[in-house]
Amino acid sequence: MRLGLAVVASAGVARAGPPDPAAARGAPMVGEVVVVARTPLSVPGADSADVPASVAGLTAADIARLGSRNLAEVLLQRIPSVSINSQTGNDFEPDVQFRGFVATPVSGVPEGLAVYQNGVRINEAFGDNVRWDFIPTVAIGQLQVITDNPVFGLNALGGAIELRMQDGFGFHGLQTDLSGGSFGRVEGSAQLGGGSGGAAAYLAVEAAHDDGWRASSHSTIRRLYADVAHKGDRVELHLNVTAADNDFGAAAAAPIQLVRHDPGAVFTTPQSDRNAMAMASLQGRYRLSDRLSLDGQLYVRRLVQHHVDGNATDARACDAEAALLCFGDGSTPANGLDGRQLANPFGAGEILGEIDTNSARTTGYGGAVQLTSTAGLAGLANSFTAGASLDQARTDFRADAELGTIAPNFVVDGGGIFLGASGDPISDGPVRLAARDTYVGAYVLDTLKPASGLAVTAGGRFNWADVDLEDRLGGGLSGHHRYQRFNPVLGATYALGPGLLAYAGYSEANRAPTPLELGCANPMQPCIIDSFLVSDPELKQVVAHTFEAGLRGSLPIAGRAGALRWQLGLYRTLSDHDILDIPSPLNNGFGYFANVGGARRQGLDASLEVEAGRWRVYASYSYVDATYRSAIVLAAPGGDPFADAGGDIAVVPGDHISSVPRQRAKLGLDYDVTPGWTLGGDLLYIGAEYYGWDESNQNPQLPGYVTVGLHTTYRVSSRLEIYGKIENLLDRRYATFGTFFDNASYVGNPAFPDLSDPRTLTPGKPFAAYVGVKLSY
């Protein structure tokens, strides 16, 4: 296990042949040199003793031992400071938080983490969101979480997650894995790899289906990764392909009174996602000399996604003429696609809703080049890197809204009536938008060792972003936006003694507003954030300033061929012009993006690993204090009982950012009962947090929770392995996310259950059990 300290340099550490017991459990040898990525293209990277920041990572063996094909679950279980919220209510579409910053597939959530796969930034172009379901977990060779390094470009406000995939040089043979269990889940994967001489190939496929434990929360996963490689004395080339075609039901948050009665209940369906992606990339390295190398990369990525969402609507019968449809004020006409006011076919007692659909087709491409020198400087050890990158993408986005009625079971039944353009600022008229974005980066990074045990790192990255929006319907979405900034980094490490290292650093990072945010930034023209865009005012880029310091070390355990590794770190990130998705006071369910001043995210990360004889133990604790530094007035979410007469809430400096738990604690252990039988367990504690969009902190908090899991593996032979795991052993009821909804239309309506409480919850998964078998050839 290498969690919390470092990871090995080479990807593809797992082998399908007869496993080495130490490698099977991911155990490093005492004194082993470990490395950390310095840049997205760095392979192998830098000695961890030279990295002036916290270091956390996992290898393929670590991931395999956790027994999950869900990368977000892997991060949650083993990376300090990571927690998960689930706005979608689907295990495969979570919000991953790290130090109060988020990477999520949900459109409209401001993103603060960059994610790279083989050096390619895979935050999607239109909203910077991260589709965790596209990443074939079984094919990951190593995973690193990198902080305090602006070289990882846009979105690395809280850090970057860097994935190196396996190849045929590291994985040999054929391995198949089949498992199943609760809620109709069936999963399977296969890996095939090998090489001869300087050529190698690797293929991984994964498939899964889960009916979901809540209504309308099914998941179907299909994904693959392939790599063909050549390695010579000076040249190394990798051509790889990633593809996925996935289908989800997104149950989302439901009113708290429904969830208390039935945790599997849902609210306003249908809600579903269909996503397909294909990416091809070419990575190459040329060793100009023993101390000088040139790295390059090219890629192309295609994304097609379709989203269906049943919602409430602002359309209703007109005050003056009930036979016609108007919007919220009762007088603004609701027009159809032909531009004429819609007739009202709905009954007087019916609650109206709408089915919002949107689709996006994105083609992105780009490349990077990097020069690395490890030649000395004035007789001192020195490592210098300089590089540049170019990323471009075009997105064609469209959205439509179909009016219907909300049935007592909260299913929105479409009526075949589609909304067109209207004079109302919150109408859901159709959207046809073309977005083009270009991102250019140039960076340098140098690590000098001026004295024994001391390493000093300095550098920076210049980011340039250009976003162009073209409204195909001639509305107010067209616009051109340009952002640029240089972000520095400076830090040092010092060896205080054998197995003890101190580090400290300062860095800056930025992210430019996305096309999605720029298309929905006018408070007088809000939109359903994941569907409808209406206006194109300017937003400022977000800038983060991070200070980080800590200690880390390791000790051999005499007589047990093991080691103790630990890490303790403090950090503070001050961000300017944070972008927040704000509920609209004009209509519940609508919102807009705005800069909201400054915020501070600070905290502590502590982790400990022990490997001794038959025992392997991991523990971590993280404290995250995420607060606003500016006094701001925000529109309250619909149903918030503390909204003032104007529908606003006042946020003062020191108020906590919602949906960010302050405390996280994790414990995991494995024990080898026999050489072939391992038992293990894990405990996860996530502290209380404020409900989503309760930025004034006046409502009670969403309670924290504890879950306990068990797992076991029995190696029948060197080729056959049987395993099982239990999640939420104690069957605790808990929620991973909560917010509010406008319940005015439901209170007192005899056709619906009691919904007098405006809070909503996304409940966590109940007790679940899975078993599987793994074959290696």
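Up top is the structure.
Residues numbered from 1 in each chain as written. Predicted model: local features only at pLDDT ≥ 70, side-chain atom pairs only at ≥ 80, totals over all residues. Heavy atoms only, no water.

**Student:** Describe the overall build of the protein, listing the residues and the values that go with them.
**Tutor:** In terms of regular secondary structure, the protein is built from five helices and 42 strands. The C-alpha radius of gyration of the protein comes to 26 Å, within 12% of the 28 Å expected for a compact globule of 777 residues. The burial tally for the protein puts 60% of its 777 residues in the buried class. Within the protein, contacts between residues separated by at least 24 positions form 69% of all contacts whose residues are at least 6 apart in sequence. Side-chain charges of the protein comprise 58 positive and 81 negative groups, with the mean position of each set lying 9 Å from the other. (Helix = DSSP H or I, 4+ residues; strand = E, 2+ residues; numbered from the N terminus. Rg over C-alpha atoms; globule rule 2.2 N^0.38 Å. Buried < 20%, exposed > 50% of the residue type's maximum accessible area, 1.4 Å probe, protein only. Contact = heavy atoms within 4.5 Å. Lys, Arg positive; Asp, Glu negative; His and termini not counted. Charge placed at Lys NZ, Arg CZ, Asp CG, Glu CD.)

**Student:** I'd like a rundown of the state of the cysteines, residues and numbers included.
**Tutor:** Enumeration according to the criterion identifies one disulfide in this entry. The disulfide that involves C318 links it to C326, with 1.9 Å between the sulfurs. With the S-S dihedral at roughly 95 degrees, the linkage between C318 and C326 falls on the right-handed side. (Disulfide = S-S within 2.5 Å.)

**Student:** Help me get a handle on the sheet that holds strand β7 (residues 113–117), residues and values and all.
**Tutor:** Strand order in the open sheet formed by five strands is β3-β9-β10-β7-β8, and the pairing between neighbours is mixed. In this open sheet, the two edge strands, each paired with only one partner strand, are β3 (55–59) and β8 (120–121). With two bridges connecting them, β7 and β8 associate as antiparallel partners. Bridge assignment links Y116 to a residue of β8, and that residue is R121. (Pairing = 2+ DSSP bridges.)

**Student:** Could you give me a rundown of the nonpolar core, with the residues and numbers involved?
**Tutor:** If you look at the biggest cluster of nonpolar residues, it comprises 88 residues, and the most contacted ones within it are L71, L75, I79 and W132. Counting residues per element, this core draws most heavily on helix α3 (residues 71–78), which supplies five residues. Discounting chain neighbours no more than four positions away, the residues touching L71 are W132, I135, T137, I140, L143 and L163. (Core = buried A, V, L, I, M, F, W, Y, C linked by side-chain atoms within 4.5 Å.)

**Student:** I'd like a rundown of the environment of G550, residues and numbers included.
**Tutor:** Along the polypeptide, G550 turns up in strand β28 (residues 542–557). Of the residues examined, G550 reaches a relative accessible area of 13% and is grouped as buried. Sequence separation between G550 and Q602 is 52 residues; the distance between their C-alpha atoms is 13 Å. Beyond its immediate chain neighbours, meaning those up to four positions away, G550 contacts L501, A502, Y503, L568 and G569.

**Student:** Run through the environment of A735, naming residues and quoting values.
**Tutor:** Structurally, A735 is set in strand β40 (residues 735–740). Residue class for A735 comes out buried when judged on its relative accessible area of 9%. In this view, A735 contacts L702, Y705, L761, T762, P763 and G764; residues no more than four positions away in its chain are not counted.

**Student:** Talk me through the sheet that holds strand β16 (residues 254–255); I want residue IDs and the actual numbers.
**Tutor:** By definition, the strands of a sheet pair up through backbone hydrogen bonds, in either a parallel or an antiparallel sense. The three strands are arranged β16-β41-β40 in an open sheet whose pairing can be described as antiparallel. In this open sheet, the two strands that pair with only one neighbour each are β16 and β40. Taken together, the five bridges between β40 and strand β41 (residues 759–763) define a ladder with antiparallel strand orientation. Note on β41: the bridge partner recorded for G738 is L761.

**Student:** An account of the packing of aromatic side chains is needed here, citing residue identities and associated values.
**Tutor:** In total, this model carries 17 aromatic pairs according to the counting rule given. Residues Y506 and F547 carry aromatic rings whose centres are separated by 4.8 Å and whose planes lie at 45 degrees to one another, so their mutual orientation is tilted. Here the residue Y506 occupies a position in strand β27 (residues 500–511), and F547 occupies one in strand β28, the gap between them amounting to 41 residues. Judged by its relative accessible area of 42%, F547 falls in the partly exposed class. Measuring from centroid to centroid gives 6.3 Å for F741 and Y746, while their planes differ by 45 degrees, and the two rings are tilted. A relative accessible area of 4% means that Y746 is categorised as buried. Feature note: the residues F267, F410, F741, Y746 and F752 constitute an aromatic cluster, connected by ring pairs. Here the basic side chain of R99 rests over the ring of Y571, its NZ or CZ set 4.0 Å away from the ring centre. The ring of Y723 carries the charged tip of K774 above its face, separated from the ring centre by 5.9 Å. (Phe/Tyr/Trp six-rings, centres within 6.5 Å; stacked < 30°, edge-to-face > 60°. Lys NZ or Arg CZ within 6 Å of the ring centre and 35° of its normal.)

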